[in-house]
Amino acid sequence: KQWYQRRVAITAGSERALKLTTDAIDLNTANYTVWHYRREILKALKCDLEDEFRFTAQVIESQPKSYQVWHHRRCLIQMTKDPSRELGLTESTLSDDAKNYHAWDHRQWVLEQYGLWDGEFDYIEMLLQRDLRNNSAWNHRYFVVNSTDKWNHETVKKELEYAAKYIRKAPNNESSWNYANGIIKKNKFSYDEFPEFIDFCIKLDEDKILSPFLYSTLADIYQASGKSKRAHELYEKLKECDSIREKYWIYKQNLL
Amino acid sequence: KQWYQRRVAITAGGNVNQLPHLATTYAAVSAVFSLDHEECYELINRENLKRFLLAMHNNDGSFTMHLDGEVDVRGAYCAAVVSTLCSIKSDEMFHNTAQWIAQCQTYEGGFGSRPGTEAHGGYTYCALAALILLGETRCINLPLLLDWACHRQMRFEGGFQGRTNKLVDGCYSFWQGGIFPLIHHILEGEKSTLDRSSWLFHQQALQEFILYCCQCPSGGLVDKPGKSRDFYHSCYCLSGLSLAQHSREKVVVGDAANLIKPTHPVFNVVLENVEKVLVWSASQSKTNGNKIVEND
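All residue numbers here refer to positions counted from 1 along the written sequence of the relevant chain. Here every chain gets a letter starting at A, and every ligand a number starting at 1, in the order they are written. In keeping with the model being predicted, local features are shown solely for residues with a pLDDT of at least 70 and side-chain atom pairs are shown and tallied solely at 80 or more, while totals for entire chains, interfaces and linings include all residues. Excluded from the side-chain calculations are hydrogens and water; all other atoms, namely the structure's heavy atoms, are used.

Regarding the environment of A:L127
Residue and element names in this part refer to chain A. Tracing the backbone through its elements, the reader meets L127 in helix α8 (residues 120-130). Burial status follows relative accessibility: with a 1.4 Å probe on protein chains alone, a residue under 20% of its type maximum counts as buried, one over 50% as exposed, and anything between as partly exposed. Take L127: its relative accessible area is 4%, and that puts it in the buried class. Each C-alpha atom, one on L127 and one on A98, is 8.1 Å from the other, the two residues being 29 residues apart in sequence. Once residues within four sequence positions are removed from consideration, L127 is found in contact with W104 and A137. Strands are runs of DSSP state E lasting at least 2 residues, helices are runs of H or I lasting at least 4, and numbering of each runs from the N terminus. In what follows, a contact means two residues having at least one pair of non-hydrogen atoms within 4.5 Å.

A short note on the interface of chain A and chain B
Contacts between chain A and chain B engage 45 residues on the former and 54 residues on the latter. Joining two parts hides part of their accessible area as seen by a 1.4 Å probe, and the buried area is that hidden amount summed over both. Area buried by chain A at its contact with chain B is led by A:Y32, A:Y101 and A:I244, which between them contribute 19% of it. What makes a salt bridge here is a side-chain nitrogen of Lys or Arg within 4 Å of a carboxyl oxygen of Asp or Glu, nothing more. At the surface where chain A touches chain B, the tally comes to four salt bridges. Among the ionic pairs, A:D105 bridges to B:R114, the shortest N-O distance being 2.8 Å. We call two N or O atoms a polar contact when they sit within 3.5 Å, provided that within protein one can donate a hydrogen and the other can accept it, with sequence-adjacent residues counted only if both atoms are side-chain atoms. Inspection of the chain A/chain B interface yields 35 residue pairs in polar contact (both at pLDDT 80 or more). Mapped onto the side of chain A that touches chain B, the elements with two or more residues apiece are α3 (32-45), α5 (67-80), α7 (101-114), α9 (135-148), α11 (174-186), α13 (212-224) and α15 (246-255) of chain A. For the side of chain A that touches chain B, the element with the highest residue contribution is α11(A), accounting for eight residues. Amino acid classes used here: Ala, Val, Leu, Ile, Met, Phe, Trp, Tyr, Cys and Pro are nonpolar; Asp, Glu, Lys and Arg are charged; the rest, including Gly, are polar. Classifying every residue of the side of chain A that touches chain B gives 18 nonpolar, 15 polar and 12 charged.

As for the packing of α7(A) against α8(A)
Residues and elements named next belong to chain A. Note on method: axes are straight lines fitted to C-alpha atoms, helices fitted across the in-contact stretch only, with angles between N-to-C directions ranging 0 to 180 degrees. Following both chains from N to C, one finds α7 and α8 inclined at 160°, their axes separated by 13 Å at the closest point. On the basis of the axis angle, α7 is roughly antiparallel to α8. Crossing angle aside, the handedness with which α7 passes α8 is left-handed. Contacts from W104, R107 and L111 in α7 reach E120, Y123 and L127 in α8. Residue composition of the contact of α7 with α8, by class: four nonpolar, no polar and two charged. For classification purposes, angles smaller than 35 degrees are called roughly parallel, those larger than 145 roughly antiparallel, those between 65 and 115 roughly perpendicular, and all remaining angles oblique. Helix crossings fall into two classes, left-handed where the near helix is turned counterclockwise from the far one by less than a right angle and right-handed where it is turned clockwise.

Here's the deal with the pattern of salt bridges
All names here are of chain A. Applying the stated rule across the entire model yields 29 salt bridges over all chains. Put simply, E50 and R85 hold a salt bridge, and the shortest N to O gap is 3.2 Å. With E50 in helix α4 (residues 50-62) and R85 in the loop between α5 and α6 (86-96), this pair connects stretches of sequence that are 35 residues apart. On the basis of relative accessibility, which here comes to 35%, the residue E50 falls in the partly exposed class.

Brief notes about empty space enclosed by the protein
Cavities and pockets were defined on a 1 Å grid built over protein atoms only: a cavity is a set of grid points that admits a 1.4 Å probe from which the probe cannot escape, a pocket is an open set flanked by protein on both sides within 12 Å along at least five of seven lines, and lining residues are those with an atom within 4 Å of any such point. Grid points are joined across faces, edges and corners, and a volume is the space filled by probe spheres set on the points. This model, assessed by the stated rule, comprises three cavities of 30 Å³ or more. Those elements giving two or more residues to the lining of the largest cavity turn out to be α11 and α13 of chain A together with α8 (142-150) of chain B. Element by element, the count of residues in the lining of the largest cavity is highest for α11(A), at six residues. Residue classes in the lining of the largest cavity are distributed as five nonpolar, six polar and six charged.

That is the geometry; function is a separate question.
Here's what the structure looks like:
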């Protein structure tokens with residue numbers, strides 16, 4: 001009987017039922033069934049969703065890591081076709097926690113759906129100026145380039161220069177190295193197509209920069225160009241200075 | 001028993017009277033198969049379960065977590081595990097899934113929740129384990145993945161972080177640590193220089209992190225010192241400990257009595273149970289006239 005009453009309330013849609021879901025969500029934001037019922041009620045009541053956007057923004061403020069509230073937000077946008085608040089919302093969430101996975105996921109979805117790419121590189125730059133170790137921002141840069149451009153030689157060269165700028169500032173920041181190495185490897189280029197980047201790495205080594213990321217990058221570069229002995233020496237160095245990964249460096253040596 | 005039946009048998013949602021959900025389904029099925037009684041296995045309604053998995057599958061290969069719910073790679077993993085253990089897998093159920101998962105691999109080598117999102121330990125584990133269950137591991141960049149995974153172990157703490165430049169967390173002992181037996185499984189198929197006696201991460205350092213830093217003095221395990229205990233961290237810290245101990249040559253930090261049971265790297269169910277389950281469910285599908293699912 002309870003179940004039946006519930007179904008009637010949902011299909012008829014009632015303000016009281018809506019209020020019940022608000023209370024239930026307050027008790028447990030992760031109750032995905034209640035969020036689903038709420039959407040059904042909102043559709044049945046043909047609500048103006050302006051209030052609903054405000055409501056979800058409040059829930060996100062207090063529970064920014066709930067899958068359900070972010071998904072609900074996405075459903076609202078799909079219902080209203082109105083993404084105008086989302087860049088502001090995600091920017092606000094990310095100013096509290098610059099790596100909130102749901103916020104970045106949501107932002108990416110909105111950008112892709114509605115093509116709101118304008119100003120996105122500036123936003124990433126602002127975040128990296130604030131914290132150049134923000135790996136989510138680096139990942140987002142890859143996403144934006146990937147969505148708006150082609151990974152041809154010119155693009156990779158430009159992005160390598162961008163990464164190099166940040167590597168120089170903090171040679172032990174893994175994010176910038178992962179970006180540089182990743183854009184080459186993921187897009188099936190080879191290091192020898194980017195001599196400026198190779199020279200950049202060699203110069204860092206000559207300047208005696210101590211960075212396991214530099215050494216492993218150089219090892220890959222040397223391996224690719226057949227300089228196995230130099231690569232081997234670098235893996236010896238890595239076994240010393242990055243000993244937590246000793247087994248991996250031995251494995252890489254054996255592949256030479 | 002009736003109470004138990006109600007909770008497990010039909011919907012496998014978060015609770016009775018909730019929508020069925022892939023994660024809770026995975027948890028329920030794993031829990032049932034972690035028990036030692038075949039009569040518990042029979043609580044699972046395989047036909048309903050198959051229908052549910054098919055309903056959650058999307059044309060692009062991805063899985064939705066529940067009706068009108070979110071899509072991410074956890075769905076593919078949950079569906080792959082549950083369908084394999086219950087012998088209800090079909091080509092239709094996983095059409096395009098491997099290709100969709102492959103799109104989740106980022107420039108860093110790990111996998112995100114969906115195509116484009118940041119490489120993350122939990123999602124990477126789900127992606128790789130699902131691909132192994134689907135027999136489709138050739139569509140990914142394995143060297144890039146291995147490099148990323150190896151770099152997730154923290155040189156000071158010994159435990160694993162979930163993403164580059166983030167903090168260590170005990171639960172990644174399993175999500176990240178678990179990637180290594182999976183990679184070994186894939187590489188063993190090829191001629192390789194892999195040292196087969198141990199995993200490619202620092203097993204001792206991980207065990208030390210779990211034992212010294214992740215135990216709550218009153219019992220249970222935690223994310224990191226200062227955090228409170230919960231079942232999730234207790235489960236995944238211990239699962240990670242098990243993997244770190246059970247390479248082909250055992251590695252046991254501390255007392256020999258610290259050795260815990262081996263867990264299956266793909267299902268995360270105690271190893272000795274998995275064989276039993278697969279035999280049981282194969283006989284179920286034989287009884288129903290379905291194709292028997294072969295598993296290695």
